[in-house]
Amino acid sequence: MPEIAVILPTLNERENLAPMIARIEAALAGIDWEAIVVDDDSPDGTADEARMLARTNRRVSVIHRVGRRGLASAVIEGVCATAAPVIAVMDADHQHDPALIPQMLEKLRVGEADLVVASRFAEGGSAQGLSSANRERGSRIANRLARMLTGVELTDPMSGYFVIGTERVRALAPRLSGIGFKILLDILSLSRGQLRVAEVPMQFGQRLAGESKLDRAVAFEFLAGLYERYFGRIIPTRFAMFATVGGAGVLVHLAVLSMLYPGMTATFWKAQAIATFSAMSFNFWLNNWLTYRDKRLRTLPAFVRGWALFCAACSVGALANVGLASLIEALVGHWLLAAIAGIVVGSVWNYALSNRFVWGRGSR
Ligand SMILES: Nc1nc2c(ncn2[C@@H]2O[C@H](COP(=O)(O)OP(=O)(O)O)[C@@H](O)[C@H]2O)c(=O)[nH]1
Ligand SMILES: [Mg+2]
């Protein structure tokens, strides 16, 4: 049985994969290991490449997920698929050096730690591979907040490279959020104080081929994580973001309306229609960018299709909103209550529809 499973989440990493496996092979000589590629149906055929590698190397296997997306959930599935007692989670793009795995594994083996994190910011590490100074600053701020939240003294709690006992993650799996990419942070905050953690410094490299999928708006991701942790069970994080974006949409609507009416056109319905369309488009763009950043529609056809679907979903939502509000107003005679009920039903409807059809299964 393999002693360690290297979990490699991938999204369009075809060219990086073969050299990555070769590097792991070299780094883990003398250790019984396996590599599990968890690919989200990458258009570039990463899963085919992984299967090709698996044909000649029995240490390699692939989980090919269709219709699902997300780094954190990919990692969780990889972890649940192995019988190895220890896992290493790392990027497949060569930003993480697999040569660190043996020393990380050793710390676990001798009982020095339950979790070993490769840190860009530890003494001797470097974050030169971070694409901009802004990102580096963002990382540092998020890290400081993360330390406050988890109560763990780590220099790099947002690292994507760590080694941990498989069972520990599996035990937490039902409570891990699976949203975004902050899985290490999730593990740390859920097992608050119960994990002994150690760090090894890493030189964070440049990605070899392809492009980054995550702009890692780390500070934002962090706030989302905080929300998820404390309120996520009451009102789901995504819905909260969706609703906030909707609120911003109302402002856009009013701004556009006041620009057009009565200055540019005296026909109210025209101005209202244009304002509605502007607000819907703005909401689509912002939701695609923030709320569904892990499932972002990137290619032009996917983007345009999503936009059209979103507008269609919102139109139906608007009908439901106005219909219900009028009904309540007629029955109860309380306009504010009626308006609020309409808005709540309309936004839940919009959320449900676009969650399913715009950013859901088969949306790429
Ligand atoms: N399965 C899966 N892998 C992902 C997803 N997003 C990113 N990845 C992989 O996660 C790793 C880190 O992502 P990357 O784009 O390199 O982020 P960066 O290092 O912050 O630029 C890479 O191996 C990506 O291919 C996803 O939605 N699903
Ligand atoms: Mg990367």
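A quick note: this is a predicted structure, and the numbers were derived from the prediction, not measured.

Some words on the domain arrangement of the protein
Partitioning the protein into domains gives domain 1 (4-231) and domain 2 (237-357). Using only C-alpha atoms to locate each centre, domain 1 and domain 2 end up separated by 37 Å. Counting from both sides, the interface comprises 9 residues of domain 1 and, opposite them, 10 residues of domain 2. Summing the contributions of domain 1 and of domain 2, the shared interface buries around 1000 Å²; its carbon and sulfur component is 52%. The interface formed by domain 1 and domain 2 includes 0 salt bridges. If you look at where domain 1 meets domain 2, you find 0 residue pairs in polar contact (both at pLDDT 80 or more). Split by residue class, the side of domain 1 that touches domain 2 holds 3 nonpolar, 1 polar and 5 charged.

Remarks on the sheet that holds strand β7 (residues 197-201)
As summarised here, the arrangement of the 7 strands in space is β3-β2-β1-β4-β6-β5-β7, forming an open sheet in which the pairing is mixed. The strands lining the two open edges of the sheet, one partner per strand, are β3 (60-64) and β7. Pairs of neighbouring strands in the sheet enclose a mean axial angle of 20°, with direction left out of account. Alignment of strand β4 (residues 86-89) against strand β6 (residues 162-165), held across 4 bridges, turns out to be antiparallel. Looking at β6, one finds that Val-89 is bridged to Phe-162. Against the sheet, helix α7 (residues 183-190) engages β5 (115-119), β6 and β7, with an angle of about 40° to β6.

What to know about a nonpolar patch on the surface
There is a patch of nonpolar side chains on the surface, built from Trp-335, Leu-336, Ile-340, Val-344 and Val-348 and spanning about 510 Å² of accessible area. Within the fold, Val-344 resides in helix α12 (residues 335-357).

Let's talk about unusual backbone geometry
Although it is not a glycine, Asn-12 adopts a positive phi angle of roughly 55°. Of note, Asn-12 is situated in the loop between β1 (4-10) and α1 (14-27). A residue is classified by how much of its surface remains accessible, and Asn-12, at 29% relative accessible area, is partly exposed.

Re the nonpolar core
Side chains that are nonpolar tend, in soluble globular proteins, to be buried together. Counting residues in each nonpolar core, the largest one holds 33 residues, and the members touching the most others are Ile-4, Val-6, Leu-8, Leu-28, Ile-101, Met-104 and Tyr-161. Secondary-structure elements contributing two or more residues to this core are β1, α1, β2 (33-39), α2 (46-56), β4, α4 (101-109), β5 and β7. Those residues in contact with Ile-101, other than ones at most four positions away along the chain, are Ile-4, Val-6, Leu-28, Ala-88, Met-90 and Tyr-161. Ranked by size, the runner-up nonpolar core spans 29 residues in total, among them Ile-76, Val-117, Leu-172 and Leu-190.

Topic: the packing of helix α10 (residues 268-291) against helix α11 (residues 300-332)
Their axes nearest at 10 Å, the elements α10 and α11 cross at an angle of 125°. Overall, the two elements α10 and α11 adopt an arrangement that is oblique. Seen along the crossing, α10 lies across α11 with a hand that is right-handed. Residues Phe-277, Met-280, Ser-281, Asn-283, Phe-284, Trp-285, Asn-287 and Asn-288 of α10 form the contact with α11, whose participating residues are Phe-303, Gly-306, Trp-307, Phe-310, Cys-311, Cys-314 and Ser-315. Each residue belonging to the contact of α10 with α11 can be placed in one class, and the counts come to 9 nonpolar, 6 polar and no charged.

Parameters and conventions
Residues numbered from 1 in each chain as written. Chains lettered and ligands numbered in written order. Predicted model: local features only at pLDDT ≥ 70, side-chain atom pairs only at ≥ 80, totals over all residues. Heavy atoms only, no water. Domains from an automatic or database assignment. Contact = heavy atoms within 4.5 Å. Buried area = accessible area lost by both parts, 1.4 Å probe. Salt bridge = Lys/Arg side-chain N within 4 Å of Asp/Glu carboxyl O. Polar contact = N/O pair within 3.5 Å; in protein donor to acceptor, adjacent residues only side chain to side chain. Nonpolar A, V, L, I, M, F, W, Y, C, P; charged D, E, K, R; others polar. Pairing = 2+ DSSP bridges. Helix = DSSP H or I, 4+ residues; strand = E, 2+ residues; numbered from the N terminus. Axes fitted to C-alpha atoms, helices over the stretch in contact; angles between N-to-C directions. Patch = residues over 30% accessible without salt bridge, like charges linked within 9 Å, V, L, I, M, F, W, Y side chains within 5 Å. Areas by Shrake-Rupley, 256 points an atom, 1.4 Å probe, with all protein chains shown as cover. Buried < 20%, exposed > 50% of the residue type's maximum accessible area, 1.4 Å probe, protein only. Core = buried A, V, L, I, M, F, W, Y, C linked by side-chain atoms within 4.5 Å. Parallel < 35°, antiparallel > 145°, perpendicular 65-115°, else oblique. Left-handed = near helix turned anticlockwise from the far one by under 90°.

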